[in-house]
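Read off the chains here:
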Amino acid sequence: MPLKNNVTRRAAIATIAATLAAPAFGQSGGAFDQIGKDADPNDLTDQVWDPKRGAFITIRELIDQLEQSPIILIGERHGFAPHQDRAAFILKALADRGRYPTLALEMLEPAQEPVINEYRARNPEYARGLGIALDWANTGWPDWSYYEPIFDAAFVAKLPILGADMPLAEQREIEAHGYPLSASSSDRSAQWIKSLRDIYCGRKTEAELERLAQLQIKRDQTMTEVVSQSQNRILICGRAHTRTDRGVPLILNQQVHTVLNFDASIQTEQNAFYWVVDEHEKSNTTLC
């Protein structure tokens, strides 16, 4: 997928904002199964599904819900510009309402926070050069241009930014040697192994998959600790980590939180929403 330049990305975010006043498609009801591989994205793109109502709601109503939630979890596909653009839009929309959450990101670890703070002291308004300061090109995450709109929105709103992921060295240690899990984590581990087997197209051994599952569960725990340290926090992370049956929401348990996903296949609950994005556009994260 060719990268969009910043002007185009900002225009896309502005277009999303224009939908705030638009009525929701299918507002009268109807089954969510109309969103499928044969659905017309021109009809469904930028509609928001509320499983509690069993109906689509407007983006304005979505922001109303997010505004009231102490903890917000946004599940994205890494390196897929429509997802990052909408996450940036949400930060802008919340700031317009006077809501300024602490932003935690899976794409950062705590050791990078001083680099961000030092850069912001010199460049408080724009994040364009932050990718260079963070040596983003060597982090293994998709290109900085995908995530720059999110950081730009955070800079403009003066949001605190936290690294939510484990240090890379600790991740590599678990990948190599594993991590002991409690007996209560066995179901979550089995689910992660199944997903990872599909993601890696059968190219990993069962032992490797088991260690990778242990790593993902530990990362879920780490991100949960970061986002739950205080109220008024928002976590942007991979959509698998926002699964309500095995990810961060499950660990949060009774803490008041709201989940927003851009993936209809993610299991939902009553405090979860799905924002329809045109999935026909190809991602650069396919491993098969």
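Everything below is about the structure shown above.
Each value, and the rule that gives it
Residues numbered from 1 in each chain as written. Predicted model: local features only at pLDDT ≥ 70, side-chain atom pairs only at ≥ 80, totals over all residues. Heavy atoms only, no water. Helix = DSSP H or I, 4+ residues; strand = E, 2+ residues; numbered from the N terminus. Buried < 20%, exposed > 50% of the residue type's maximum accessible area, 1.4 Å probe, protein only. Contact = heavy atoms within 4.5 Å. Areas by Shrake-Rupley, 256 points an atom, 1.4 Å probe, with all protein chains shown as cover. Core = buried A, V, L, I, M, F, W, Y, C linked by side-chain atoms within 4.5 Å. Axes fitted to C-alpha atoms, helices over the stretch in contact; angles between N-to-C directions. Parallel < 35°, antiparallel > 145°, perpendicular 65-115°, else oblique. Left-handed = near helix turned anticlockwise from the far one by under 90°. Nonpolar A, V, L, I, M, F, W, Y, C, P; charged D, E, K, R; others polar. Salt bridge = Lys/Arg side-chain N within 4 Å of Asp/Glu carboxyl O. Pairing = 2+ DSSP bridges.

Moving on, we get to the overall build of the chain. When you go through the chain residue by residue, the secondary structure sums to 11 helices and eight strands. Relative to its full complement of 288 residues, the chain shows a buried share of 50%. Pairs at least 24 residues apart make up 76% of the contacts formed inside the chain by residues separated by at least 6 positions. As displayed, the chain offers around 13400 Å² of accessible surface, 51% of which is attributable to carbon and sulfur atoms.

So, on to the nonpolar core. Residues Ile90, Leu105, Leu130, Trp136, Ile150, Phe151 and Trp275 are the most contacted members of the largest nonpolar core, which totals 47 residues. Of all the secondary structure elements, the ones that give two or more residues to this core are helix H3 (59-67), strand S3 (71-76), helix H4 (81-96), strand S4 (102-105), helix H5 (113-122), helix H7 (144-156), strand S6 (233-238) and strand S8 (272-275). If you tally residues by element for this core, the top one is H4, at nine residues.

Another aspect to go through is the packing of H3 against H4. Where H3 meets H4, the closest approach of the two axes is 10 Å, and the angle between their N-to-C directions is 70°. What the angle tells us is that H3 and H4 run roughly perpendicular. Read as a crossing pair, H3 and H4 show a hand that is right-handed. The segment H3 lies against H4, with Ile59, Ile63, Leu66 and Glu67 engaging Phe89, Ile90, Ala93 and Leu94. Residues that form the contact of H3 with H4 fall into these classes: seven nonpolar, no polar and one charged.

Bringing the pattern of salt bridges into the picture now. As enumerated under the stated definition, the model contains 12 salt bridges in all. Glu106 is the salt-bridge partner of Arg219, the closest N and O atoms lying 2.5 Å from each other. Residue Arg219 is found in helix H10 (residues 206-227), and its partner Glu106 is found in the loop between S4 and H5; the two are separated by 113 residues along the sequence. When the shortest N-O distance is used, the salt bridge between Glu175 and Arg172 registers 2.7 Å.

In this section: the sheet that holds strand S7 (residues 257-261). Spatial strand order, S2-S1-S8-S7-S3-S6-S4-S5: eight strands in an open sheet with mixed pairing. Edge strands, defined here as strands with exactly one partner in the open sheet, are strand S2 (55-57) and strand S5 (161-163). The sheet shows a mean angle of 25° between the axes of neighbouring strands, taken without regard to direction. With three bridges connecting them, S7 and S8 associate as parallel partners. Bridging from a neighbouring strand, Val259 pairs with Ala272 of S8.

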